[in-house]
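Chain by chain, the residues run as shown.
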Amino acid sequence: MKRISDHPILGEPEKGQLVSFFMDGKPMEGFAGEPIAVALKAAGVMVHRYTHKAHEPRGIFCAIGRCTDCVMIVDGVPNIRTCITPLVSGMRVQTQDGVTALEVSE
Amino acid sequence: MKRYDLIVVGAGPAGLSAAIEAARCGMKVAVFDENAKPGGQLFKQIHKFFGSKEHQAKIRGYKIGETLLAEADEAGVEVFLNATVAGIYLDKEVLVQIGEAMTHFKADTIIISTGAAENMVTFDGWTLPGVIGAGAAQTMMNLHGIKPGQRVLMLGSGNVGLVVSFQLMQAGCEVVALVDAAPRIGGYGVHAAKIARCGVPFYLSHTITKADGTDCVTGVTIAEFDEHFAPIPGTQKHFDVDTICLAVGLSPMSQLLKMAGCTMVDDPKRGGQVPLVSENGETSIPGLFAAGDVSGIEEASSAMIGGRMSGLAAAAYLGFLSESDKEKRLADLEVALNSLHQGMFAPGSKGKTVAKTDEGIAVSQSLLKKGYLEDTDLERFVHRSNQTDKNSGIHPVIECTQNIPCNPCQDACTKGCIKVGKTITALPQIDDASSCTGCGMCIAACSGQAIFLVDEDYAPGFASITLPYEFLPLPQKGEQGTALSRSGQPLGIAEIIDVRNAKAFDHTPLVTIKVPAGQAMTARFYQPTTQAMEQ
């Protein structure tokens, strides 16, 4: 379990409503308002994108919107910094490949 | 174009402090921050701060953040969030991106408090998902309630690396090792000792040679290196980890100041490209100030003082504060700042090897190399402050052996047992004439978790040790586990004889263990049986 259920200093984390969203077409769950990257992390997704030239995987790196390593395609828009973009119910999140969506076999 | 008396860029500890002081002087103040929430990194700081009362010592960072926000609100400061300052132009005009719109604002004074960005190091595999900044780890676990990984290796033994390693363990992650290229631990010894007694090994003069994995990190190899920074063959060690955390320093985010045309200097001691500033933070451009990490990497306590100084200086610059009032108030703040700038970790001591404490005692080499005090160090430090003839009954043992700016232990003891004195970097002394009641306030007040209450004569053949225990699950009275030494080595069975968790302890529960009398000065941590079995 990656989520912290109880913390010695902070107690139980405050979370929004549990909502579903889509990751490369697959339904997943996360809490509304938390960064998309956090919901993905909880679901075990590590790779957010592949680089354009070398096709190397990238994921969360700075988690504060500076490094742009975690960008993905969100609701059809590429280069969305998932570490600072709040999750909304029904969001369509896609692994980014260069600047387009990674082709995923269904 | 909207006008303000003062525009502050960055709503972290420095920026908010500056805005509060300026607004209290009657200025109309706007603060812009690119993040969705104000407070900078304060809300990720869940440890108790160092310093003295005036620096809000022994208060946890996120609580200080809450206080600052309330004060800013009360003072009438306008905070714009998701507002990125994209440029500074002539006559103190700034361009701000809010949502999709670019908006111009103008002020008569500006304070830049944009903070710092984390440094990175490169190694084979460093771009793999699972290699993250230490700040990212803090953000994930302390703001968003998610573990950055299960098994983590930390690179960097400065205070950030040490504090975040401890926080990772508090969040339920396992820290397999702490690695640093430097030959000595860079941060406070007390922070290192908290990790060492949980059994985390330190590898100094080591660095990462490779991160393994194809789609994400599955392991890491470290190696010791020689004086030419070449790995020494045969010293490689491999760890199975899913996360590699980098805590290798910070660099000021001073681009806006450079853009504004401020005179910049390259100062490695301050972290890189920083503006030339007066002691109140005024840059080479009159009315333009810099406060906090952007003008030199320090920590939040000094950033807050620096911010307040710049806020007052900006107020005086526009005539909202008389020169005499300004001088008086700045002088007070300077005293507060100077007290943080003393001791062996003072900004001026960066990179220097300190052989002796201010008291003339040889520093513990073991603490610097391995993160814990050796038994042979105790004679010099701990017993020195504990020379009592009676040698019985409960008494504090303070394992604080470096001159760090901190004194809450002194105020915590109502019996006057503990003395630090006027210089807050002095090592605490125990007054044997005073009687310890065993209340435990000193343990909870010690931000470095370096105070223990020991009773050598708890029961025939047994001693009791009371220690801080900021982990879950909290042990229960009567349960049995393992006593660990300062280096995290199992010593034998320990029985929990008391667990206290008073509100005044502020989430630092005090656990009292019963151990054989011979372990009174060696047992310093408790490991529940369930955890021992998992390993």
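Residues numbered from 1 in each chain as written. Chains lettered and ligands numbered in written order. Predicted model: local features only at pLDDT ≥ 70, side-chain atom pairs only at ≥ 80, totals over all residues. Heavy atoms only, no water.

Before going further, it helps to spend a moment on unusual backbone geometry. Of note, the amide linkage connecting L472(B) to P473(B) takes the cis form, showing an omega dihedral of -5 degrees. Its place among the elements puts P473(B) in the loop between β24 (462–468) and β25 (480–484). A positive phi angle, near 55 degrees, is found at H55(A), a position not held by glycine. With respect to the helices, strands and loops of the structure, H55(A) is situated in the loop between β3 (49–50) and β4 (57–58). According to the relative accessible area criterion, H55(A) is partly exposed, its value standing at 42%. Unusually for a residue other than glycine, S205(B) sits at a positive phi of about 55 degrees. Relative to the elements of secondary structure, S205(B) occurs in the loop between β11 (202–204) and β12 (206–212). (Helix = DSSP H or I, 4+ residues; strand = E, 2+ residues; numbered from the N terminus. Buried < 20%, exposed > 50% of the residue type's maximum accessible area, 1.4 Å probe, protein only.)

A few words now on the sheet that holds β12(B). In sheet architecture, strand pairing relies on hydrogen bonds along the backbone and comes in two forms, parallel and antiparallel. Residues and elements named next belong to chain B. If you trace the 3 strands from one edge of the open sheet to the other, you get β12-β13-β14, paired in antiparallel fashion. Every other strand in the sheet has two partners, leaving β12 and β14 (237–239) as the edge strands with one partner each. Between one strand and the next, the sheet's axes are offset by a mean angle of 25 degrees, whatever the strand orientation. (Pairing = 2+ DSSP bridges. Axes fitted to C-alpha atoms, helices over the stretch in contact; angles between N-to-C directions.)

Let us now look at the sheet that holds strand β2 (residues 26–31) of chain A. Residues and elements named next belong to chain A. Taken in spatial order, the 5 strands of this open sheet run β2-β1-β7-β5-β6, and their pairing is mixed. Because the sheet does not close on itself, it has two edges, and the strands there are β2 and β6 (77–81). The mean inter-strand angle of the sheet, taken between neighbouring strand axes irrespective of direction, is 40 degrees.

All names here are of chain B. Running from N to C, helix α1 (residues 13–24) and helix α2 (residues 61–75) point in directions that differ by 30 degrees, and their axes come no closer than 9 Å. Between α1 and α2, the interaxial angle falls into the category roughly parallel. Handedness of the crossing formed by α1 with α2: left-handed. The segment α1 lies against α2, with P13, L16, S17, I20, A23 and R24 engaging L68, L69, E71, A72 and A75. Taken together, the residues that form the contact of α1 with α2 break down as 8 nonpolar, 1 polar and 2 charged. (Parallel < 35°, antiparallel > 145°, perpendicular 65-115°, else oblique. Left-handed = near helix turned anticlockwise from the far one by under 90°. Contact = heavy atoms within 4.5 Å. Nonpolar A, V, L, I, M, F, W, Y, C, P; charged D, E, K, R; others polar.)

Turning our attention to the environment of Q273(B). Residue and element names in this part refer to chain B. For Q273, the location among the structural elements is in strand β18 (residues 272–275). Judged by relative accessible area, Q273 falls into the partly exposed class, the value being 33%. Leaving out residues up to four positions away in the same chain, Q273 has contacts with P252, S254, K258, M264, V265 and D266.

Glancing now at the packing of aromatic side chains. Residues and elements named next belong to chain B. Summed over all chains, the structure comprises 15 aromatic pairs over all chains. Ring geometry for F50 and Y188: centres 5.0 Å apart, planes at 85 degrees, overall edge-to-face. Of this pair, F50 sits in the loop between β2 (29–32) and α2 while Y188 sits in the loop between β10 (174–180) and α5 (189–196), and the two are 138 residues apart along the sequence. The exposure class of F50 is buried, given its relative accessible area of 11%. On the accessibility criterion, Y188 (11% relative accessible area) is buried. Taking 5.5 Å as the distance between ring centres and 20 degrees as the angle between the ring planes, the aromatic pair formed by Y469 and F525 counts as stacked. (Phe/Tyr/Trp six-rings, centres within 6.5 Å; stacked < 30°, edge-to-face > 60°.)

Residue and element names in this part refer to chain B. An ideal rise of 1.5 Å per residue puts 16 Å on 12 residues; helix α4 (residues 159–170) measures up with 16 Å between its terminal C-alpha atoms. Extensive coverage of α4 is indicated by the burial of 10 of its 12 residues. Listing the buried residues of α4 in full gives G161, L162, V163, V164, S165, F166, Q167, L168, M169 and Q170. Tucked inside the fold, the buried residues of α4 contact α3 (134–143), β9 (151–155), β10, α5 and β11. The positive-phi residue at the C-terminal boundary of α4 is G172, with phi of around 100 degrees. (Expected span 1.5 Å × (residues − 1).)

Moving on to the interface of chain A and chain B. The interface of chain A with chain B comprises 28 residues on the first partner and 39 residues on the second. Summing both sides of the interface, chain A and chain B together bury roughly 2,800 Å²; the carbon and sulfur share of this comes to 64%. In terms of surface lost to chain B, no three residues of chain A exceed P8(A), I9(A) and F61(A), which account for 26% of the buried area on that side. The tally of links between chain A and chain B comes to 1 salt bridge. Of all the secondary-structure elements, those providing two or more residues to the side of chain A that touches chain B are α1 (36–42) and β4 of chain A. Per-element accounting of the side of chain A that touches chain B gives the leading share, 3 residues, to α1(A). (Buried area = accessible area lost by both parts, 1.4 Å probe. Salt bridge = Lys/Arg side-chain N within 4 Å of Asp/Glu carboxyl O.)

Quick look at α5(B) now. For α5(B), the tally of buried residues reaches 8 of 8 residues, placing the bulk of the element in the interior. Every buried residue belonging to α5(B) is among G189(B), V190(B), H191(B), A192(B), A193(B), K194(B), I195(B) and A196(B), and all of these are buried.

What follows is about the nonpolar core. One broad rule of soluble globular proteins: the nonpolar side chains tend to lie buried together. All names here are of chain B. Counting residues in each nonpolar core, the largest one holds 62 residues, and the members touching the most others are L168, I195, F202, I465, I513 and V515. Beyond its immediate chain neighbours, meaning those up to four positions away, L168 contacts A137, M141, P148, V152, M154, C173 and V175. With 39 residues, the next largest nonpolar core counts C25, M27, L312 and A314 among its residues. (Core = buried A, V, L, I, M, F, W, Y, C linked by side-chain atoms within 4.5 Å.)

The share of residues in chain B with pLDDT of 70 or more is 97%, and the mean pLDDT across the chain is 95. Here residues 384–390 of chain B scores under 50 on pLDDT; set against residues more than four positions off or in separate chains, the count is 13 contacts. (pLDDT = per-residue confidence, 0-100.)

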